[in-house]
Amino acid sequence: MLDFIYYPVSGILWVWHTVFGSVLGPDNGITWALSVMFLVFTLRLVLYKPFVSQVRTQLTMKKLQPEIKALQKKYSGDRARQAAEMQKLQKAHGFNPLLGCLPVLVQAPVFIGLLHVLRSFNRTGSGVGQLGMSPEENATTANYFFSAADVQSFLDARLFGAPISAAMNSGAATLEAFAPFGGVPTVIGIALVAVPLMVLASIATHFNSRASIARQDDAARANPQTALMNRLALWVFPAGVLLGGPFLPIAVLLYWVSNNLWTYVQQHVVYRRIDSLAAGAAVVVSDADDGTKQADATVAAPSKPRPGVKPGGRKRRRR
């Protein structure tokens, strides 16, 4: 049904597994962990320009809030005219609010696709999305871009002793599928890897939210709806990562951590660049204003006569 998502996601993951597997070995847990992380980095690199557009759109909308509120007040009784005037304002300033949603809209299906592809390496469970295969059937069945040999490599991979496709709540049937590939893992062994990743993902989510909130002005923070969303972003969403972590495979937790770390670095780089460009533009405008004032002063100031020359005109030449 969603093969148009599953195949590209598995294809990018396969490419990075091939690259790192040629150096570290295809069955190495670090190879698979790096493959997941670089899947994230590939996606975020593709979305870099849309992210910059998103930031510029947010800044533009912030500057235009007085005009937007004025239009909303002026045409409060005429929704069609209000929408038309808003479109004119957006066109005049060259921004599209939908661009602000693009990075999130793209990342959501990729996250779903990655979760499905990772779960499909082990289809022995009987839960939602599982096929109830026997361990033997599962190990000899391909998984999108990955061959049966790749599936066995994934099952054999361990990250500090834990299979990266296992979650803390994995059932006994799912864990039994790992028996021919390094033995049946324990919940404690999985937790020793998953819990630090959950904590790191939660902390990264909190600091990303804190960095975004720091960009808001006092008026935005005073808005009750914004204040509520800020509290959710700072505390509830990070707590949700901790509460949902036991249900996510280790590889998905790696995805979550990598995505948050990239976001944290990217936010600081992009905002610093935009701030420096804005500061440079302000200096240029200030210098231009000073130059205009100096030119006006020069034009307005009367020129003083040279010594020995009477003011009021030129000396006539004698014939």
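Before any of the text, the structure's been laid out above.
Rules and cut-offs
- Residues numbered from 1 in each chain as written.
- Predicted model: local features only at pLDDT ≥ 70, side-chain atom pairs only at ≥ 80, totals over all residues.
- Heavy atoms only, no water.
- Helix = DSSP H or I, 4+ residues; strand = E, 2+ residues; numbered from the N terminus.
- Buried < 20%, exposed > 50% of the residue type's maximum accessible area, 1.4 Å probe, protein only.
- Contact = heavy atoms within 4.5 Å.
- Areas by Shrake-Rupley, 256 points an atom, 1.4 Å probe, with all protein chains shown as cover.
- Expected span 1.5 Å × (residues − 1).
- Bend = angle between axes of the 7 residues up to and from the residue.
- Polar contact = N/O pair within 3.5 Å; in protein donor to acceptor, adjacent residues only side chain to side chain.
- Patch = residues over 30% accessible without salt bridge, like charges linked within 9 Å, V, L, I, M, F, W, Y side chains within 5 Å.
- Salt bridge = Lys/Arg side-chain N within 4 Å of Asp/Glu carboxyl O.
- Phe/Tyr/Trp six-rings, centres within 6.5 Å; stacked < 30°, edge-to-face > 60°.

(A) Quick peek at the overall build of the protein. What the protein contains, in helices and strands, is 13 helices and zero strands. Each of the 319 residues in the protein was classed as buried or not, and the buried ones make up 37%. Pairs at least 24 residues apart make up 68% of the contacts formed inside the protein by residues separated by at least 6 positions. Of the accessible surface of the protein, which amounts to about 19,200 Å², a share of 65% is contributed by carbon and sulfur atoms.

(B) Structural view of helix α10 (residues 187–214). Along its 28 residues, α10 runs 40 Å from first to last C-alpha, staying within 8% of the 40 Å computed at 1.5 Å per residue. Taken as a whole, α10 carries its principal kink of about 30 degrees at V193; the proline P196 stands between one and four residues after it.

(C) Representation of the side chain of T124. Mapped onto the fold, T124 is located in the loop between α6 (102–119) and α7 (135–139). There is a polar contact of 2.7 Å between the side chain of T124 and the side chain of N122.

(D) Quick look at a nonpolar patch on the surface. Together, V195, V199, I203, F207, L242, Y264, V265 and V269 make up an exposed nonpolar region whose accessible area comes to about 630 Å². Looking at the nonpolar patch, the elements that each hand over two or more residues are α10 and α13 (250–300). The element best represented in the nonpolar patch is α10, accounting for four residues. Tracing the backbone shows L242 in helix α12 (residues 224–244). The partly exposed category is assigned to L242, whose relative accessible area is 35%.

(E) Representation of the packing of aromatic side chains in the model. Evaluated as defined, the whole model comprises 15 aromatic pairs. Plain terms: the ring middles of Y7 and Y144 are 5.1 Å apart, the flat faces sit at 85 degrees to each other, and that makes the pair edge-to-face. With a gap of 137 residues between them, Y7 in helix α1 (residues 3–24) and Y144 in the loop between α7 and α8 (148–156) connect regions that are remote in the sequence. Residue Y7 is classed as partly exposed on the basis of its relative accessible area of 38%. The exposure class of Y144 is partly exposed, given its relative accessible area of 24%. Where F121 meets F154, the ring centres are 3.9 Å apart and the plane angle is 10 degrees; that geometry is what we call stacked.

Shape descriptors only; they carry no functional weight alone.
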